[in-house]
Each structure stands twice: as structure tokens, then as C-alpha cells.
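An overview of the molecular structure
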Amino acid sequence: MSVDLIAVFFVAAGLAAAGAFAAVWRRDLTAALAGIPLMFAGAGVALVGIGRFAAAGGPHLFGQEFAVLLAIAATALVALGLGVSGREGSR
Amino acid sequence: MDSLHAIGFYASSGVSVAGALGVALLPRRDQRGVALAVVGLGLAGLYASLSAGFVALVALICYLGAAWLVATQQYRAVDNVAGTRWRQLGAVGAGGLLAVLAYSAFRGDFVHAVYYGGQFGATALSRLVFAHDTLATEAIAAMVVVALAGATAVWRVRERGR
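Keep in mind the model is a prediction, meaning the values are calculated, not measured.

**Some details on the overall build of chain B**
The secondary structure content of chain B amounts to six helices and zero strands. The N-to-C order of helical and strand elements in chain B reads α-α-α-α-α-α. Classification of the 162 residues of chain B by burial places 26% in the buried group. Partitioning the intrachain contacts of chain B with sequence separation of at least 6 by distance along the chain shows that 56% fall at a separation of at least 24.

So, in C-alpha cells, the structure goes:
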């Protein structure tokens, strides 16, 4: 049993598509916000996989830097979106 | 990659995709928060099996934080103005996105592309942004933060006035 770049891309595609599905399918926009971290997770997995398998000879940090950035940005987007939506009973 | 890492990779990918489907389909907010936490756990396992331990740690912390934010009950619901038909069309579009991404992953030829324009990648980009153009990057980042905070404050004040 082995893992190659195509398997990593399949997982990344599944995560990104599930995130897009969550973002468009939920009727509540604050629930749809949870799809954004999923799409970012798919992108992060693809980036780390490219750094691990495709960047031959280069450092593996190529994609890992962007994956860290994406994880932090995803959390920040969820926090910002929920903050904009407001607390229950605030008006 | 040895068999142990491969087993970890496939198990973690199953956990993360199952959690992602839970985020999309589970009805209650706390259930979706738990599903997002499951995605974070699976994602950390994926990164760890791809020899990216630090990314795994950061992703675990970030996704657990996002899951806590999603699961908490104190945020009010905002109804989507799009009708059922548009949501169904969007779901079909998500299925099409999966098909396109899976096809491009199966082809995978672009992995062997060669770029002749000099060094290109995250390291080169970060060297440019964080070393050569540090001041400009800081100025833009400060401007974006101030604009987002200001827009949020204005929106909240306007909503409160209604």
C-alpha cells in the first residue's frame, strides 16, 4: 500500500467539493460559512502533497507555508463571518 | 512512504471527508461543530502522514477553534435569500466541481510542468513579500484590517439603529 500525488489530489478534491456543497446547500448563511474551512482544507492538502511529492529536490516547506496560512485564514474568515452576523438577541 | 503512513493517510482522509459531509448535511449547529472538529482531526492526521507535523498542529488548533465558533449557540441565523432552485443548482455545481477536480487529479500531467521564469514558489514569494517589500505588505495588511474592522463596526451600528 502506498500513497502518491494522485491519491492526495483525490482527497483534496473531495474536501473542496464537500466544502462547496456545504456553502451552497445550507439555508442558514452562518452554517454555510463552515464550508469555507473545508474548501481551504482541500487546497491545503493539495499544497502539502505537491510539496511532499512533486517538488523534487526542493524543500518540503514549499507548500506547507501556504497550508499554515490557509488554516489560519479559514479560522479568521469563520470568526469574521460569525461576528458580522451578530449575536442572538443583540437587536 | 511506508505502509504505516499509507494506512494513516487513508484512514485520516476517510475521517476528514466523512466530517466534511457531516458539516454539509447535519441539521443542528452543535453537530456541525463536532463534524468540523472531526475534519480538523482528520486533516491533522493527513498532514502528519505527509510529513508535515507543524502544519498538522496549526491546522488542528485552527479547526478546533473554528468548530468551537460554529458550535456555539450565541450567534443568530441569517437566512439565505437564494431559493431552493438556486441551492439545488449550486449543489449540482459542487458535484461538477468534484468531477473536474477528480479528472484533473487523475490526469495529473501538469505536475511535470516546467517554469522558465526564474525561481517560483512559496519560498520565493514569501522572500519577495516579507523581505523585499516588507513595508508595503505591512501597510496593505494594516489597511485591510482597518477596513474590515471599520466595515464591521459600521454594519453593526447601522443594524442596531434599525
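**Re unusual backbone geometry**
What you tend to see is this: most non-glycine residues have negative phi, and most peptide bonds are trans. Its identity as a non-glycine residue notwithstanding, Ser-51 of chain B has a phi of 65 degrees, on the positive side. The residue Ser-51 of chain B is located in the loop between α2 (29–49) and α3 (53–71) in this model.

**A word on the interface of chain A and chain B**
With 61 residues of chain A at the contact, the number on the chain B side is 60 residues. Those elements giving two or more residues to the side of chain A that touches chain B turn out to be α1 (5–25), α2 (29–32), α3 (35–54) and α4 (61–85) of chain A. It is α4 of chain A that contributes the most residues to the side of chain A that touches chain B, 19 residues altogether. Across the side of chain A that touches chain B, the residue classes break down as 40 nonpolar, 14 polar and seven charged.

**Looking at the domain arrangement of chain B**
Here the domain parsing of chain B yields domain 1 (1–78), domain 2 (80–113) and domain 3 (121–162). Using only C-alpha atoms to locate each centre, domain 1 of chain B and domain 3 of chain B end up separated by 27 Å.

**Side note on the packing of α2 of chain B against α3 of chain B**
Residues and elements named next belong to chain B. Across the interface, α2 lies against α3 with an axial gap of 8 Å and an inter-helix angle of 175 degrees. On the basis of the axis angle, α2 is roughly antiparallel to α3. Of the residues that constitute the contact of α2 with α3, the class distribution is 19 nonpolar, three polar and three charged.

**Quick notes on the nonpolar core**
Core analysis: the largest hydrophobic core is formed by 68 residues, its most contacted members being Leu-15 of chain A together with Leu-36, Tyr-47 and Ala-59 of chain B. Mapped onto this core, the elements with two or more residues apiece are α1, α2, α3 and α4 of chain A together with α1 (3–25), α2, α3 and α4 (84–107) of chain B. It is α1 of chain A that provides the largest number of residues to this core, a total of 14 residues. Summarising the domain contributions, this core has at least three residues from each of domain 1 (1–78) and domain 2 (80–113) of chain B.

**Section: the packing of α1 of chain B against α2 of chain B**
Residue and element names in this part refer to chain B. Where α1 meets α2, the axes come as close as 7 Å, and the angle between the chain directions of the two elements is 160 degrees. By the angle between their axes, α1 is roughly antiparallel relative to α2. Here α1 and α2 pass one another in a crossing that is left-handed. In contact with His-5, Gly-8, Phe-9, Ala-11, Ser-12, Ser-13, Val-15, Ser-16, Gly-19, Ala-20, Gly-22 and Val-23 of α1, α2 contributes Arg-32, Ala-35, Leu-36, Val-38, Val-39, Leu-41, Gly-42, Leu-43, Gly-45, Leu-46 and Ser-49. Here the contact of α1 with α2 is composed, by residue class, of 12 nonpolar, 10 polar and one charged.

**Let's talk about the environment of Trp-68 of chain B**
Relative to the helices and strands, Trp-68 of chain B is located in helix α3. Each C-alpha atom of the pair Trp-68 of chain B and His-132 of chain B lies 38 Å from the other, and the pair is 64 residues apart in sequence.

**Regarding the environment of Gln-31 of chain B**
Among the structural elements, Gln-31 of chain B can be located in helix α2. Remark: the alpha-carbon pair of Gln-31 of chain B and Val-70 of chain B, spanning 39 residues in sequence, is separated by 9.4 Å.

**Some words on the environment of Ala-12 of chain A**
Residue and element names in this part refer to chain A. Summarising the element assignment, Ala-12 is placed in helix α1. Spatially, the C-alpha atoms of Ala-12 and Val-45 are 5.7 Å apart, while their sequence positions differ by 33 residues. Setting aside residues no more than four positions away along its own chain, Ala-12 makes contact with Gly-42, Val-45, Ala-46 and Gly-49.

What counts and what doesn't
Residues numbered from 1 in each chain as written. Chains lettered and ligands numbered in written order. Predicted model: local features only at pLDDT ≥ 70, side-chain atom pairs only at ≥ 80, totals over all residues. Helix = DSSP H or I, 4+ residues; strand = E, 2+ residues; numbered from the N terminus. Buried ≥ 20, exposed ≤ 12 C-beta atoms within 10 Å, placed from the backbone. Contact = placed C-beta atoms within 7 Å. Nonpolar A, V, L, I, M, F, W, Y, C, P; charged D, E, K, R; others polar. Domains from an automatic or database assignment. Axes fitted to C-alpha atoms, helices over the stretch in contact; angles between N-to-C directions. Parallel < 35°, antiparallel > 145°, perpendicular 65-115°, else oblique. Core = buried A, V, L, I, M, F, W, Y, C linked by C-beta atoms within 7 Å. Left-handed = near helix turned anticlockwise from the far one by under 90°.

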